[in-house]
Structures are given as C-alpha cells and as structure tokens.
There are 2 protein chains.
Amino acid sequence: MPKLWEDSIEAHRRAVRDAAVEAAAALVAQQGLASITMSQIAKRAGIGRATLYKYFPDIESVLTAWHEDHIAEHLRRLTDVADHTDPAGRLRAVLRDFASITHQRHDGDLSALLHRGEHVTRAHQRLHAFIQDLVADAAAGGTVRDDVPAGELATYCLHALTAAGAMTSADAVGRLVEVTLTGLRPAPTGPE
Amino acid sequence: MPKLWEDSIEAHRRAVRDAAVEAAAALVAQQGLASITMSQIAKRAGIGRATLYKYFPDIESVLTAWHEDHIAEHLRRLTDVADHTDPAGRLRAVLRDFASITHQRHDGDLSALLHRGEHVTRAHQRLHAFIQDLVADAAAGGTVRDDVPAGELATYCLHALTAAGAMTSADAVGRLVEVTLTGLRPAPTGPE
C-alpha cells in the first residue's frame, strides 16, 4: 500500500476512535457511569454499532481509552509546564500543577473502576520518572536535598500531593504544595 | 437479668466472635483470600456452621471484623507510642510507627476488598484526629509551623507516609519520615 493511503487509513481510524471516546465521555457526564450502553455510544459518535465493536470489545475498553487520553493530556500539560524555568522553579510549577489536577478530579467512579488498569500503572511510572528527573536536577542545583535518593523523594512528592484530593480549597492546595516542597529542602548542616 | 449473667453472655459472645475472626485470619494466611468458605471458618473455630451464621452473615463480614481488629490494634499501638515523650518527640514516634505499619502491610488483597468499608472511613477519621492533635501540640510548642491549619498538616502527613508502602527498605522508610517531618518545620522567617 502506498504510504499516503496508510496514513489516511490511520487518520480515519484515529478519528473514529476519538469520536467513540468523546461520545462515551459526554454520555458519562450526562447520565453517569452505570447506565451507558454500546448502542448509545455508537449513536452519539455517529457510527454503526458493528463498527464500534471493531474498535472496542466493551464499554470498559472505551472508558479505559478515555482515561488513557486524560492521563496523556495531563502528562503533556505537566511536561509543558516543565519547559519554562530553572530547575527549582520547574519542580515547583510541575508539583503545583499536579496538585491542582488531583484537586480538580471529579472522576471518582471512573478511577475506582479503572484504577487497577495496566495503563494507569504505566502512566504512573512515567510520571514518577519525570518527577524524579526534576528532583535530581534541583538537587544538582543545591535547592533540593541530595542525601535522599531522587526516586524516593519523587515517591514522597506524589503521595504527599494526592492529599490535594482531600483539600477543600485552592488555598489549602497551595499550602500543601509549599509544605511538600519544604520537605525537599536540604537538611540543616549544623550550626554555622 | 442479673448483671453478672449479662457480663458472662457478653464475654461468651466476644470469645466466639474472636475465635471465628482468628480462624478466618489463619485460613487467609494458609490458602489466600479467594477460596475460604464459611464451613472452613466454623470448623477451624470449633463452632457449628449455624452458630457462625448467627454472628456473621457472610465471609466478607468476618473479614471486615478482622480488618477492624487490625485497625483498632494499630490505633492502640500508635496511642501507646504517643504516651511517652514531649510533643515533637511524640509526633515523630507516631509518624515513624505509622510509616512502619504501612510499610509492613501485606494485606493488599484484603485492603482492595474492604478498603471502601465504612469501618475504614471511621478508623481513618480517628487516626486523622489523633495526628491533628499531635501536630497542634507540636505547633503550640514551636517545633511545627503554625501558619498552616493542623488538620491540613495531618492530611499531608498521612498521605506522604503512605509512600512507605512503595519503599523497598526500612532505611528508605526512615528517610521518608524525616523528609515528611521536614515539611512540617516552621517556614523561614526571613534574614535575621
């Protein structure tokens, strides 16, 4: 097959997939998670039921694809934030953004359903590696302690910041980020 | 009914309940969570099946009771630890112990099954209130920052320390506790 043709098929596939995923997301927003059917998704996406089943075997797989898109979008957003400043500012910006995403999540049902999925584990590993690099850079710059491995500090950050989901205001989330960052500070080196 | 008689019935009930719970725990340790039956629990506890059903309607309720005992035991242990030292030392001792309990937990299956139970929510609220009091005492003593509400700091501690479950050594858990405690330190008050 000519390359152009392949590209065009791929683009078509992607468009159908995205339409199905967006339809599912819209239906969840409208009527909650429990009552969605494959027929509704197909109808709303403007495709046949048989076509939908060629892309997704069941509702859970559509929702998983949606969740994957979500996570990919968040990782992209965090990576964008990281492109701008010095190591310490970068780390702070990314942790702020991660806390804010965690705070705003209203996908409790969906998370409970999909949280143990492999795609979530993979995304979490990428996020952890990303934060670990930022922490290591900041430690090399002297603004973060270097007596604790960067991987452990990244694990600490991600767990501490999930507390953002329990915070009742944006101000409280801001304070949480500052407290968490304080934990990363170099240990006092004794009296000067 | 005379008081003595009531006490004796209550003690008997407690003994039967405990025997069932211990039997269930032993069976889980032996053969995992999936294959346990009510008959096995009754047999191991030395009681009739009909008696067991008077105490527990199903296996999940036995396991929930076991989980409750576990949590109550942990809270008791943490409260004991808290009885010994000054406010800052008390907070450190309790957080160390909580991290160590989190690190040692091997009840992944059980947690997944029971985690959303009401008894876990209640236990979590008691734990949070307990840590919040310790934080408030330490803040009054000047060793913990007082510009962030003690309740928020307690939420931060509990989330940060769940990272202990992801740590691969006791040393790493110790470092996590120190990093978390560093986050509680009073904010620098500017150049002196």
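Bear in mind the structure is a predicted one, so any value in this text is a computation, not a measurement. (Residues numbered from 1 in each chain as written. Chains lettered and ligands numbered in written order. Predicted model: local features only at pLDDT ≥ 70, side-chain atom pairs only at ≥ 80, totals over all residues. Heavy atoms only, no water.)

Structural notes on the overall build of chain A
1) Next: From N to C terminus, chain A includes nine helices and zero strands.
2) Next: Along chain A, helices and strands appear, N-terminal first, in the series α-α-α-α-α-α-α-α-α.
3) Next: Across the 192 residues that make up chain A, the buried fraction comes to 43%.
4) Next: Taking all contacts inside chain A whose residues are at least 6 apart in sequence as the whole, residues at least 24 apart take part in 64%.
5) Next: Working note: accessible area of chain A is about 10,500 Å², and carbon and sulfur atoms make up 53% of it. (Helix = DSSP H or I, 4+ residues; strand = E, 2+ residues; numbered from the N terminus. Buried < 20%, exposed > 50% of the residue type's maximum accessible area, 1.4 Å probe, protein only. Contact = heavy atoms within 4.5 Å. Areas by Shrake-Rupley, 256 points an atom, 1.4 Å probe, with all protein chains shown as cover.)

Regarding helix α8 (residues 150–161) of chain A
1) Next: Between its terminal C-alpha atoms α8 of chain A stretches 16 Å, which fits the 16 Å expected from 12 residues at 1.5 Å a residue.
2) Next: Counting buried positions along α8 of chain A yields 11 of 12 residues, so the element is predominantly enclosed.
3) Next: Burial in α8 of chain A covers these residues: Ala150, Gly151, Glu152, Leu153, Ala154, Thr155, Tyr156, Cys157, Leu158, Ala160 and Leu161 of chain A.
4) Next: In this structure, the buried residues of α8 of chain A make contact with α5 (87–104), α7 (118–140) and α9 (170–183) of chain A together with α8 (150–161) and α9 (170–183) of chain B. (Expected span 1.5 Å × (residues − 1).)

Some details on the relation of the copies chain B and chain A
1) Next: For the match of chain B to chain A, the screw axis carries a shift of 0.1 Å, the RMSD comes to 0.0 Å, and the turn is 180 degrees. Read as a symmetry element, the transformation amounts to a two-fold axis. (Least-squares fit on C-alpha atoms with pLDDT ≥ 70 in both.)

Here's the deal with the interface of chain B and chain A
1) Next: Counting from both sides, the interface comprises 25 residues of chain B and, opposite them, 25 residues of chain A.
2) Next: Here chain B packs against chain A, burying approximately 1,900 Å² in sum over the two surfaces, 69% of which is carbon and sulfur.
3) Next: A salt bridge links Glu152 of chain A to Arg175 of chain B, with the shortest nitrogen-to-oxygen separation between them at 2.7 Å.
4) Next: Tallying contributions element by element places α9 of chain B first for the side of chain B that touches chain A, with seven residues. (Buried area = accessible area lost by both parts, 1.4 Å probe. Salt bridge = Lys/Arg side-chain N within 4 Å of Asp/Glu carboxyl O.)

With respect to empty space enclosed by the protein
1) Next: One pass over the full model with this rule turns up one cavity of 30 Å³ or more.
2) Next: The space that makes up the largest cavity amounts to roughly 30 Å³.
3) Next: Lining the largest cavity are Val148, Glu152, Leu153 and Tyr156 of chain A together with Met167, Ala172, Leu176 and Val179 of chain B.
4) Next: Those elements that place two or more of their residues in the lining of the largest cavity are α8 of chain A together with α9 of chain B. (1 Å grid on protein atoms, 1.4 Å probe; cavity = no way out; pocket = protein on both sides within 12 Å on 5 of 7 lines; lining within 4 Å. Points joined across faces, edges and corners; volume = space filled by probe spheres on them.)

As for the UniProt feature "DNA-binding region" (unreviewed entry) in chain A
1) Next: In the numbering adopted here, UniProt assigns the feature "DNA-binding region" (unreviewed entry) to residues 37–56 of chain A.
2) Next: Between the C-alpha atoms that bound residues 37–56 of chain A the distance is 12 Å, and the span itself is 75% helix and 0% strand. (UniProt positions renumbered as here; feature names shortened; annotations may be inferred.)

Details of the packing of aromatic side chains
For any pair of aromatic rings, the description rests on two quantities: the centre-to-centre distance and the angle between the ring planes.
1) Next: A full pass over the atoms with the stated rule returns one aromatic pair over all chains.
2) Next: Their ring planes at 85 degrees and their centres at 6.4 Å tell us that Tyr156 of chain A and Tyr156 of chain B sit as a pair that is edge-to-face. Placement of Tyr156 of chain A in helix α8 and of Tyr156 of chain B in helix α8 is noted, with the two residues assigned to different chains. Comparing Tyr156 of chain A with Tyr156 of chain B, the two get one shared label, buried. (Phe/Tyr/Trp six-rings, centres within 6.5 Å; stacked < 30°, edge-to-face > 60°.)

Here we look at the pattern of salt bridges
When their charged atoms lie close together, side chains carrying opposite charge are able to pair.
1) Next: On inspection of all chains with the given rule, the structure shows 22 salt bridges over all chains.
2) Next: Residues Arg96 of chain A and Glu178 of chain A are paired through a salt bridge, measuring 3.4 Å at the closest nitrogen-oxygen approach. Here Arg96 of chain A, found in helix α5, pairs with Glu178 of chain A, found in helix α9; they are 82 residues apart in sequence, far enough to count as distant.
3) Next: Residues Asp97 of chain B and Arg77 of chain B are paired through a salt bridge, measuring 3.0 Å at the closest nitrogen-oxygen approach. Of this pair, Asp97 of chain B sits in helix α5 (residues 87–104) while Arg77 of chain B sits in helix α4 (residues 59–82), placing them 20 residues apart in sequence.
4) Next: Using a relative accessible area of 15% as the deciding quantity, one classes Asp97 of chain B as buried.
5) Next: Taking relative accessible area as the criterion, Arg77 of chain B reaches 32% and is therefore assigned partly exposed.
6) Next: Because the salt bridges share partners, they merge into one network encompassing Arg14, Arg17, Asp18 and Asp69 of chain A.

Topic: the environment of Gly46 of chain B
All names here are of chain B.
1) Next: Note that Gly46 resides in the loop between α2 (38–45) and α3 (49–55).
2) Next: The exposure class of Gly46 is exposed, given its relative accessible area of 63%.
3) Next: Along the sequence, Gly46 and Ala20 sit 26 residues apart, while their C-alpha atoms lie 8.5 Å from each other.

As for the packing of α8 of chain A against α8 of chain B
1) Next: Axis separation between α8 of chain A and α8 of chain B bottoms out at 7 Å; the angle between their running directions is 135 degrees. Taken together, the axes of α8 of chain A and α8 of chain B are oblique relative to one another. For α8 of chain A against α8 of chain B, the interelement crossing comes out right-handed. The residues of α8 of chain B that touch α8 of chain A, namely those facing Tyr156, His159 and Ala160 of chain A, are Tyr156, His159 and Ala160 of chain B. (Axes fitted to C-alpha atoms, helices over the stretch in contact; angles between N-to-C directions. Parallel < 35°, antiparallel > 145°, perpendicular 65-115°, else oblique. Left-handed = near helix turned anticlockwise from the far one by under 90°.)

A few points about the side chain of Thr155 of chain A
1) Next: In this fold, Thr155 of chain A is placed in helix α8.
2) Next: According to the relative accessible area criterion, Thr155 of chain A is buried, its value standing at 10%.
3) Next: A polar contact is formed between the side chain of Thr155 of chain A and the side chain of His128 of chain A, at a distance of 2.8 Å.
4) Next: If we skip the residues at most four places from it in the chain, Thr155 of chain A touches His128 of chain A together with Ala163, Ala166 and Met167 of chain B. (Polar contact = N/O pair within 3.5 Å; in protein donor to acceptor, adjacent residues only side chain to side chain.)

A closer look at the packing of α8 of chain A against α9 of chain B
1) Next: Contact pair α8 of chain A / α9 of chain B: the axes reach a minimum separation of 11 Å and the direction vectors enclose 55 degrees. Looking at the two axes, α8 of chain A sits oblique to α9 of chain B. The interaxial crossing formed by α8 of chain A with α9 of chain B has right-handed handedness. Side by side, α8 of chain A and α9 of chain B meet where Glu152, Leu153 and Tyr156 of chain A of the first sit next to Ala172, Arg175, Leu176, Val179 and Thr180 of chain B of the second.

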